[in-house]
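Coordinate inspection notes
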Amino acid sequence: MSFDTLGLHPDLLKGIRDLGFERPTPVQAEAIPQILSGRDVIASAQTGTGKTAAFVLPILHRFMTAPRKKQGIRALIVAPTRELALQSMEHLKNLSRYVPLKGHAIFGGTPMEPQISALKRGLDIVSATPGRLLDHVYSGRIDFGAIEVLVLDEADRMMDMGFLPDVQKIISLLPPHRQNLIFSATIPPPIMELARRICRNPVTVQIGPKSTAAAGIRHAVYPVSQHQKTELLLRLLNGQEGLSSAIVFTRTKIRADRLTQSLERAGIRVSVIHGDRSQTQRSRALESFKRGRAQVLVATDVAARGIDVKDISHVINFDVPSTPEDYIHRAGRTARADATGDAFSLVTPEEEEMIRDIERVLNQRLPRVILPDFNYQKGDHRPHKPPFRGGPHPHAPRHHRPSHPRSHPR
Ligand code: AMP
């Protein structure tokens, strides 16, 4: 399938070509025709599947082909994090190079003034986090009277972050006749209930988890004791030629800061992003990583939502995420679109159970990898299962594949 068959405006096709997108991703191929036909859509698709363009392109097409009925904002994208709100707006601007369009991202943690000025100048489209959006609403700076399309982006994450009451408040202020597009990695019951309440005869688009869709991800588990995690990580960062840019996930902000300091001390170029960092600090960290000045971005889950950086070679779980969904989200940072990438997890014996949950959801056993030349300390490390007995695992990473089971320490 090609983009030409989707019925999008020729100026949008030019923008798509400029970005180098050759063909629609599955979620785009399924959702775009439905959205263009005016239907409400509930799409379950992960970040990394091309979901942003799946809603951005038909919205832009609408702006170009259907005259506005009223003055005011025509489309509203509500997203859980600042990064995601910014990313949809960036995506939108990239795709709308040939479309005169006024859009702005609105999120907390940054000064109000630029947002107020943008709202005063008049906007066609806004991507926003719920809290700051409501601040503007309560101050009388936003009128929703002209909204034609509502997008809830990563609705399940908004629920996890406790934003549903704010989202519901926002929805109650919108004109009743509008198109609703709900994008969510998973559709838990409260999201389904919300969708049923607000959508009219919705179409459901289901795209399999990224883990199965993106065959490009190679998973590997590195058993290690807690106190040797940093050492093992450094060994991985210094020892692999292909490890050009890695996002390293930690469970908490404190662990993110501590790890960053250790990596800095070891001479690694590193930046860090988590919920306690200011918006300016986060933007700088992201920019430094995007431009390749930092080889490693240390991140917590929430802060990393929606980060779109091309060519991330490795996702490393310094701490195993507590749910398989988070694992899939993290792993989705690498191998975006058609690329390939590695997802490594440093796993203590206590975290093995979580890995087994992840394996059940992915429906595959993740290969255990022991570094033959790493000094595992005696008595601290006991892999629960012997790694790599028999032939090489089909998904085994190219590096460090031990040639013989005896390479694992006793
Ligand atoms: P998303 O799932 O929206 O976060 O998008 C993931 C990444 O895929 C982004 O970097 C997009 O620029 C890229 N992308 C989106 N659609 C396509 C496509 N049709 N072909 C290639 N890359 C794409």
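Scroll up to find the structure.
These remarks concern the structure in this document. Residue positions are counted from 1 within each chain, in the order its sequence is given. The model is predicted, so local features are restricted to residues of pLDDT at least 70 and side-chain atom pairs to those at 80 or more, both for listing and for counting; the totals for chains, interfaces and linings are taken over all residues. Just so you know, side-chain values use all the structure's heavy atoms and leave hydrogens and water out.

What about the environment of L8?
Here L8 shows up in the segment before α1 (10-19). For L8, a relative accessible area of 6% gives the class buried. A sequence separation of 56 residues divides L8 from M64, and the C-alpha atoms of the two residues are 9.9 Å apart. Every residue pair with non-hydrogen atoms within 4.5 Å of one another is taken to be in contact. Apart from residues no more than four positions distant in its own chain, L8 is found in contact with F3, L13, I16, I32, L36, L57, P58 and H61. Labels follow the DSSP assignment, with helices taken as runs of H or I lasting at least four residues and strands as runs of E lasting at least two, numbered in each case from the N terminus. For every residue, the accessible area (1.4 Å probe, protein chains only) is compared with the maximum for its type, and the residue is labelled buried under 20%, exposed over 50%, or partly exposed between those bounds.

Concerning the pairing of strand β2 (residues 75-78)
The alternating pattern of β2 places A75 and I77 and L76 and V78 on opposite faces, both of which are buried. Two strands make a pair as long as DSSP finds a minimum of two bridges between them. Looking at chain direction, β2 and strand β4 (residues 125-128) are connected through four bridges and run parallel. Within the sheet, the bridge partner assigned to L76 lies in β4 and is V126.

Observations concerning the pairing of strand β8 (residues 217-223)
Counting buried positions along β8 yields seven of seven residues, so the element is predominantly enclosed. Neither face of β8 is open: one carries I217, H219, V221 and P223, the other R218, A220 and Y222, and all of them are buried. In the sheet, β8 pairs with strand β13 (residues 341-347) via seven bridges, with the strands oriented parallel. When the bridges of β13 are listed, Y222 appears paired with L346.

Quick look at the sheet that holds strand β6 (residues 179-184)
Taken in spatial order, the seven strands of this open sheet run β3-β4-β2-β5-β6-β1-β7, and their pairing is parallel. The open sheet has two edge strands with one neighbour each: β3 (103-106) and β7 (203-206). Averaged over neighbouring strand pairs, the angle between their axes works out to 10° when direction is ignored. Strand direction decides the pairing type here: β2 and strand β5 (residues 149-152), joined by four bridges, are parallel. Among the inter-strand pairings, I77 is bridged to a residue of β5, identified as V151. Axis definition: a line fitted to C-alpha atoms, limited for helices to the stretch in contact. Angles are taken between N-to-C directions and run from 0 to 180 degrees. With respect to the sheet, helix α4 (residues 82-95) is in contact with β2, β3 and β4, its orientation differing from that of β4 by roughly 150°.

Brief notes about the packing of aromatic side chains
A pair of Phe, Tyr and Trp rings is counted when the ring centres sit within 6.5 Å of each other, with Trp represented by its six-membered ring. The angle between the planes then sorts it: under 30 degrees is stacked, over 60 is edge-to-face, the rest tilted. Considering all chains together, one arrives at three aromatic pairs under this definition. Taking 4.9 Å as the distance between ring centres and 75° as the angle between the ring planes, the aromatic pair formed by F374 and Y376 counts as edge-to-face. Judged by its relative accessible area of 8%, F374 falls in the buried class. Above the face of the Y98 ring, K14 is positioned so that its terminal group lies 4.5 Å from the ring centre. Our definition puts a charge over a ring when NZ of Lys or CZ of Arg is within 6 Å of the ring centre and also within 35 degrees of the ring normal.

Details of the packing of helix α2 (residues 26-36) against helix α3 (residues 51-65)
Contact geometry of α2 with α3 gives a least axis separation of 9 Å together with a crossing angle of 25°. When the interaxial angle is binned, α2 and α3 end up roughly parallel. Note on packing geometry: the crossing formed by α2 with α3 is right-handed. In this structure, α2 uses V27, Q28, A31, I32, I35 and L36 to contact α3, whose residues at the interface are K51, A53, A54, F55, L57, P58 and H61. In terms of residue class, the contact of α2 with α3 is made up of ten nonpolar, two polar and one charged. For classification purposes, an angle smaller than 35 degrees is called roughly parallel, one larger than 145 roughly antiparallel, one from 65 to 115 roughly perpendicular, and anything else oblique. Crossings are sorted by hand: turned counterclockwise from the far helix by less than a right angle, the near helix makes the crossing left-handed, and turned clockwise it makes it right-handed. Residue polarity is assigned by list, with Asp, Glu, Lys and Arg as charged and Ala, Val, Leu, Ile, Met, Phe, Trp, Tyr, Cys and Pro as nonpolar; anything else, Gly included, falls into the polar class.

Some details on the sheet that holds β8
Spatial ordering of the open sheet is given by β8-β13-β12-β9-β11-β10, a layout of six strands whose pairing is parallel. The sheet terminates laterally at β8 and β10 (270-273), the two strands that pair on one side only. On average, adjacent strands in this sheet sit at an angle of 20° to one another, irrespective of strand direction.

Digging into the side chain of T300
With respect to the helices, strands and loops of the structure, T300 is situated in the loop between β11 (296-299) and α14 (301-304). We classify T300 as buried; its relative accessible area is 8%. Apart from the residues within four sequence positions on either side, T300 is in contact with F249, T250, T252, K253, A256, I273, H274 and G275.

A look at the nonpolar core
Nine residue types can take part in a nonpolar core, namely buried Ala, Val, Leu, Ile, Met, Phe, Trp, Tyr and Cys, and a core is a set of them joined through side-chain atoms within 4.5 Å. One finds L8, F55, L57, I125 and F183 to be the most contacted residues of the largest nonpolar core, which totals 40 residues. For this core, the secondary-structure elements that each account for two or more residues are α1, α2, β1 (41-44), α3, β2, α4, β5 and β6. Per-element accounting of this core gives the leading share, eight residues, to α3. Grouped together as the second largest cluster of nonpolar side chains are 31 residues, I42, A128, I142 and L194 included.

Concerning the site of the ligand
Throughout, the term near means that a residue has one or more heavy atoms lying within 4 Å of the molecule or strand in question. In the neighbourhood of the ligand, 18 residues make up the surrounding shell, with R23, Q28, G48, G50 and T52 lying closest. We define a polar contact as two N or O atoms separated by no more than 3.5 Å, with the added condition that, inside protein, one atom must be a possible hydrogen donor and the other a possible acceptor, whereas residues neighbouring each other in sequence contribute only through side-chain atom pairs. Within the backbone of T49, a nitrogen or oxygen atom sits 3.0 Å from an oxygen atom of the ligand. Take T52: an N or O atom from its side chain is 2.5 Å from an oxygen atom of the ligand. Notes on the ligand: free accessible area 500 Å², of which the protein chains cover 91%. Contributions of two or more residues to the shell around the ligand are made by α3 and α4. Note: domain ranges come from an automatic or database domain assignment. Inspection of the shell around the ligand shows a minimum of three residues originating in each of domain 1 (3-206) and domain 2 (217-362). Accessible areas in this description were obtained via Shrake-Rupley with a 1.4 Å probe; residue shielding takes into account the shown protein chains only.

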